[in-house]
Amino acid sequence: MEVRDVVAGYGASDEILKGVSLAVGERELVCIIGPNGAGKSTLLKVVAGLLRPRRGTVAFAGNVLTGAPPRQIARAGVAYVAQEQNVFPSLTVRENLLVGSYLHPASAEQRCRSMMERFPVLRERKDRAARTLSGGQRQTLAVAAALMAEPRMLVLDEPSAGLSPKVTEELFATLAGIRAQGVSILMVEQNALAALAVADRAYIFVLGRNEREGAAAAIAADPEIRRVFLGG
Amino acid sequence: MDNYLIAMATIACVYGLMTVSLNLSWGVTGMVNLGIAGFFGIGAYTSALLTTRLGWPVVAGVASAMVAGALVGAVLSIATLRLRDDYLAIVTLGFAEIVRLVALNELWLTNGSDGISGIPAPIPRGYGYGFSLAFLALIAALLALAAWSASRLQRSPYGRVLRAIRDDADVTAVAGKDVVRFKLKTFALSTAIAGAAGAMYGHYTSFVAPDLFAPLLTIYIFLALTIGGTGNVKGAVLGAFVLIAILEGSRYSAAFLPELSAVQQSAVREMVVAALFLLCLRFRPRGLVPERMGAAGE
Amino acid sequence: MLDVLTQVAQLALNGIMTGAVLAMPAIGFTLLYAVLGFPNFAVSGHLAVGAFAGWILNTHYGWPLWAVVPFGFIAAGVLGVATQRVVVEPLRGAASITLAIASVAVALLIENALRFGFGNTLRSYDLPLARDVTIGALRFGPQQMQTAAVAIVVMLLLFALLRYTRLGRAIRATADNASLAAVKGIDTVAIARLVAFVGMGLAGASGVLLGADTAIDPLIGFRLVLAVFAAAVVGGLGSIPGAVLGALVIGIAEEVSTIVLPSDYKSAVGFLLILLFLTFRPRGLLGERRN
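Everything quoted here is computed from the prediction, not taken from an experiment.

A. Spotlight on the overall build of chain C. For chain C, the count of helices and strands is 11 helices and 2 strands. Secondary structure elements in chain C, listed N-terminal to C-terminal, are α-α-α-α-β-β-α-α-α-α-α-α-α. Rg of the C-alpha trace for chain C: 19 Å, near the compact-globule value of 19 Å for 291 residues, within the 12% margin. Each principal axis of the C-alpha distribution contributes one length, and for chain C these read about 60 × 45 × 35 Å. Out of the 291 residues in chain C, the part that is buried amounts to 58%. Of the contacts made within chain C by residues no fewer than 6 positions apart, 78% connect residues no fewer than 24 positions apart. Entry remark: accessible area of chain C is about 11,600 Å², with carbon and sulfur atoms responsible for 67%. Charge centroids of chain C, computed over 18 positive and 13 negative side chains, lie 11 Å from each other.

As structure tokens, this is what we get:
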């Protein structure tokens with residue numbers, strides 16, 4: 001995944017992203033951190049095809065996907081998990097998983113079974129409507145449904161938002177496991193220290209621009225960054 | 001001025017009252033009144049019945065028509081105020097049908113489809129040309145009064161808040177009691193104005209019947225408002241005059257299609273109106289007089 | 001006493017038959033609402049188109065009712081896709097209420113096109129007359145029973161489509177959250193068109209059934225539309241089982257109301273129920289609480 005000089009915003013006049021670039025290599029777990037209003041979530045929406053950038057390019061595995069509809073981006077192998085409203089509330093857990101592999105109907109049932117083996121919380125609730133799940137269960141379902149698409153890359157917007165520290169820890173362990181199986185991951189995370197602990201590399205955005213980038217461990221260790229961005 | 005032009009200007013003012021009413025509810029608070037024809041009917045029948053059966057003076061009839069319009073409007077909006085605006089649309093659309101049903105079936109009261117005739121006017125009809133001019137002056141004054149009070153309401157602090165949030169049903173849903181009460185009052189005022197329009201129409205033509213307020217009338221008013229521009233009073237009034245010009249123009253052009261039956265001619269007219277409305281929505285959604293943005297802190 | 005009971009039972013039975021026919025456009029209306037996000041008042045016009053399309057095939061070409069129903073479905077469905085593409089899609093991004101008003105204009109356009117072509121006269125289908133069947137003290141009209149049976153079959157098919165197929169899941173997913181559905185690779189524009197086809201098709205098929213039961217004119221849908229909204233609102237706007245239940249409630253309430261009200265006021269019953277439900281239970285009988 002290669003993002004170059006993306007400029008984007010919602011209204012006619014506002015520019016939230018003023019030109020950001022990043023790259024995610026194969027099997028890499030990359031994390032974006034930065035203060036509120038830095039444009040982190042906006043960039044993920046551009047990557048997922050939900051927001052058309054005004055300038056700049058997005059390319060994945062050699063294909064230019066700038067401004068492509070979400071459907072085409074999904075087809076290219078990118079699975080996006082929004083921060084909120086990331087499951088279908090009136091569909092059951094099982095149906096959510098099946099819709100997750102909408103583009104791969106042939107293997108859907110079989111993947112659904114293996115996904116439930118991997119996440120027993122989902123198996124125990126497979127016929128319940130997703131709206132009845134707790135926050136952590138819902139987040140697990142959202143990630144599992146994204147994995148149902150057999151993605152080459154997972155794009156996550158604040159996966160730990162609203163979760164308890166224990167559940168967050170489990171979730172990050174799951175993500176590390178997913179990455180180990182060959183899926184690259186790009187995520188935005190408020191919980192920066194925990195995210196940097198599992199990430200390979202990290203970018204810091206400030207006010208819609210790249211501020212810093214580097215190896216996750218180096219960023220986590222930099223005293224100035226710790227002071228300004230990591231609250232300690 | 002030509003008698004015909006005076007008559008058309010008078011009708012345009014009646015429609016103008018309804019566009020001002022619709023603008024007040026839809027343009028300002030986002031509450032959509034798909035039953036404006038029903039309120040027009042309520043007003044028309046209230047005043048017609050009171051003045052013909054009970055011999056009330058016209059002024060009292062029109063005032064009662066406004067009260068009736070306001071009361072019914074308040075009742076309908078109470079049921080839906082805290083819900084999505086779609087529900088008010090369904091309720092008002094259904095309401096207009098019920099009004100028509102009652103007008104058609106309660107023969108003892110409304111004379112059914114024959115309607116009520118011999119409705120008195122505030123000025124003796126015998127004055128002829130003088131009557132026409134005086135009535136036009138009267139209704140124009142009423143329209144000016146309605147437009148003035150509507151724009152005052154629109155510029156009040158609440159009006160500005162409502163305009164800022166009108167497209168966001170969620171915000172409205174969590175808004176405080178005061179805002180809900182203000183919306184209720186605004187809607188009741190708007191339906192009172194529609195009632196006045198109906199009453200004045202009856203006193204002008206001396207006749208009201210159920211087919212006067214078929215759903216088509218509601219579409220006419222929406223068309224007028226869309227042409228003029230939602231959200232501002234000037235556009236609403238202008239839209240009503242443009243609408244009358246279109247309707248009259250289509251009446252003349254129908255004469256160029258003499259091989260069509262009367263039913264077919266009216267079908268063509270209604271189709272033209274519906275198509276025009278859709279074209280306006282698509283190509284000129286902000287109307288001839290666009291609402292000034294920014295004033296409401298957009 | 002027994003007479004009154006029999007009368008009520010007969011009216012309830014009639015109400016169930018009415019409700020079964022009403023359920024089809026009510027499902028269409030509620031399905032369109034769930035997926036497209038606005039109350040589509042054009043169901044009335046599409047219902048009339050189905051009724052007339054079926055009438056032409058039946059009276060001019062002698063097709064029997066069972067063959068005419070699918071045709072009414074297709075005619076109204078194709079028109080529904082056309083209005084979706086020409087009117088609704090270009091207005092994307094407009095407030096739902098704007099789309100609702102636009103749909104009233106669409107209904108007006110369609111109904112007047114029919115009026116232009118066929119005039120205001122009442123027309124009836126050309127169907128073999130059949131005598132009522134009597135079981136105990138209750139009378140069953142064979143035509144009504146056939147109509148109710150067709151309605152039930154159509155509803156079961158639709159239910160199976162939505163519940164058990166990949167396409168049905170995609171439709172329900174789009175109704176829940178269209179942008180999430182798009183992220184999953186679902187072509188939401190195509191789904192919206194499909195729903196316009198099915199929803200308006202249901203209205204068209206019910207137009208044929210109604211026409212076979214009574215008589216048709218361009219306003220056949222318009223006269224029914226209040227009952228359709230009432231069924232959808234009473235059941236819970238957006239809920240398909242709700243629309244079926246709501247239709248039965250409205251059908252029975254309308255028939256039973258004739259004991260105390262003149263039958264001209266049947267459609268007022270639906271309106272009263274709308275007001276009652278919106279005041280005391282706005283999510284309807286089976287609707288979901290929306291956060």
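B. Up close: the packing of aromatic side chains. Residues and elements named next belong to chain B. Taken as a whole, this structure holds 17 aromatic pairs over all chains when the rule is applied. With 5.8 Å between their ring centres and 50 degrees between their planes, Phe-131 and Phe-135 make a pair best called tilted. Highlighted residues: Phe-131 and Phe-135, both in helix 6 (residues 129-155), separated by 4 residues, approximately one helical turn. According to the relative accessible area criterion, Phe-131 is buried, its value standing at 7%. A relative accessible area of 0% means that Phe-135 is categorised as buried.

C. Region of interest: the domain arrangement of chain A. Residues and elements named next belong to chain A. For chain A, the assigned domains are domain 1 (2-77 + 151-229) and domain 2 (88-148). Look at where the C-alpha atoms of domain 1 and domain 2 centre, and you get two points 24 Å apart. Across the contact, 15 residues belong to domain 1 and 9 residues belong to domain 2. At the junction of domain 1 with domain 2, the criterion picks out 0 salt bridges. Taken together, the connections running from domain 1 to domain 2 amount to 1 residue pair in polar contact (both at pLDDT 80 or more). When residues of the side of domain 1 that touches domain 2 are traced back to their parent elements, those giving at least two are helix 2 (70-76), strand 7 (153-157) and helix 7 (165-180).

D. Looking closely at the sheet that holds strand 1 (residues 2-8) of chain A. All names here are of chain A. Taking strand neighbours across the sheet as the criterion, the 4 strands line up as 2-1-4-5 in an open arrangement whose pairing is antiparallel. Single-partner strands in this sheet number two, and they are strand 2 (17-23) and strand 5 (63-64). Strand direction decides the pairing type here: strand 1 and strand 4 (residues 55-60), joined by 4 bridges, are antiparallel. Bridge assignment links Val-3 to a residue of strand 4, and that residue is Val-58.

E. Region of interest: the pairing of strand 1 of chain A. Strand direction decides the pairing type here: strand 1 of chain A and strand 2 of chain A, joined by 5 bridges, are antiparallel. Residue pairing across strands places Val3(A) opposite Leu22(A), the latter belonging to strand 2 of chain A.

F. Focus on the pattern of salt bridges. Residue and element names in this part refer to chain A. In this structure the tally under the stated criterion is 17 salt bridges over all chains. Between Glu-170 and Lys-166 there is a salt bridge; the shortest N-O distance is 3.1 Å. Note that Glu-170 and Lys-166 are positioned in helix 7 at a spacing of 4 residues, about one turn of the helix.

G. Structural view of the interface of chain A and chain C. If you look at the interface, chain A gives 22 residues, while chain C gives 18 residues. It is Arg71(A), Phe88(A) and Tyr102(A) that lose the most area in chain A upon contact with chain C, and together they represent 33% of the buried surface on that side. Across the contact surface, chain A and chain C share 2 salt bridges. Note that Arg172(C) is salt-bridged to Glu95(A), the shortest N-O span being 2.5 Å. Joining chain A to chain C, the criterion identifies 4 residue pairs in polar contact (both at pLDDT 80 or more). Among the secondary structure elements, those contributing two or more residues to the side of chain A that touches chain C are helix 2, helix 3 (93-100) and helix 6 (135-147) of chain A. The leading source of residues in the side of chain A that touches chain C is helix 3 of chain A, at 4 residues. Residues belonging to the side of chain A that touches chain C are distributed by class as follows: 15 nonpolar, 4 polar and 3 charged.

H. Seen up close, the side chain of Ser184(A). By the secondary structure assignment, Ser184(A) is in strand 8 (residues 184-188). Of the residues examined, Ser184(A) reaches a relative accessible area of 5% and is grouped as buried.

I. Inspection of the interface of chain C and chain B at higher detail. Taken residue by residue, the interface counts 40 residues in chain C and 42 residues in chain B. Per-residue buried area on chain C facing chain B is highest for Ile101(C), Phe116(C) and Tyr265(C); these three make up 18% of the total on that side. Applying the counting criterion to the chain C and chain B interface returns 1 salt bridge. The salt bridge partner of Arg115(C) is Glu270(B), with a shortest N-O separation of 3.4 Å. Applying the counting criterion to the chain C and chain B interface returns 7 residue pairs in polar contact (both at pLDDT 80 or more).

J. Examining the arrangement of the chains more closely. Out of 2 pairs of chains that touch, the pair holding the most contacts is chains B and C. Spatially, chain A is disjoint from chain B: no contact exists, and the shortest C-alpha separation is 12 Å.

K. Region of interest: the environment of Lys234(B). Its location among the elements puts Lys234(B) in helix 11 (residues 233-254). C-alpha of Lys234(B) to C-alpha of Val20(B): the two residues are 214 residues apart in sequence and 8.9 Å apart in space.

What counts and what doesn't
Residues numbered from 1 in each chain as written. Chains lettered and ligands numbered in written order. Predicted model: local features only at pLDDT ≥ 70, side-chain atom pairs only at ≥ 80, totals over all residues. Heavy atoms only, no water. Helix = DSSP H or I, 4+ residues; strand = E, 2+ residues; numbered from the N terminus. Rg over C-alpha atoms; globule rule 2.2 N^0.38 Å. Buried < 20%, exposed > 50% of the residue type's maximum accessible area, 1.4 Å probe, protein only. Contact = heavy atoms within 4.5 Å. Areas by Shrake-Rupley, 256 points an atom, 1.4 Å probe, with all protein chains shown as cover. Lys, Arg positive; Asp, Glu negative; His and termini not counted. Charge placed at Lys NZ, Arg CZ, Asp CG, Glu CD. Phe/Tyr/Trp six-rings, centres within 6.5 Å; stacked < 30°, edge-to-face > 60°. Domains from an automatic or database assignment. Salt bridge = Lys/Arg side-chain N within 4 Å of Asp/Glu carboxyl O. Polar contact = N/O pair within 3.5 Å; in protein donor to acceptor, adjacent residues only side chain to side chain. Pairing = 2+ DSSP bridges. Buried area = accessible area lost by both parts, 1.4 Å probe. Nonpolar A, V, L, I, M, F, W, Y, C, P; charged D, E, K, R; others polar.

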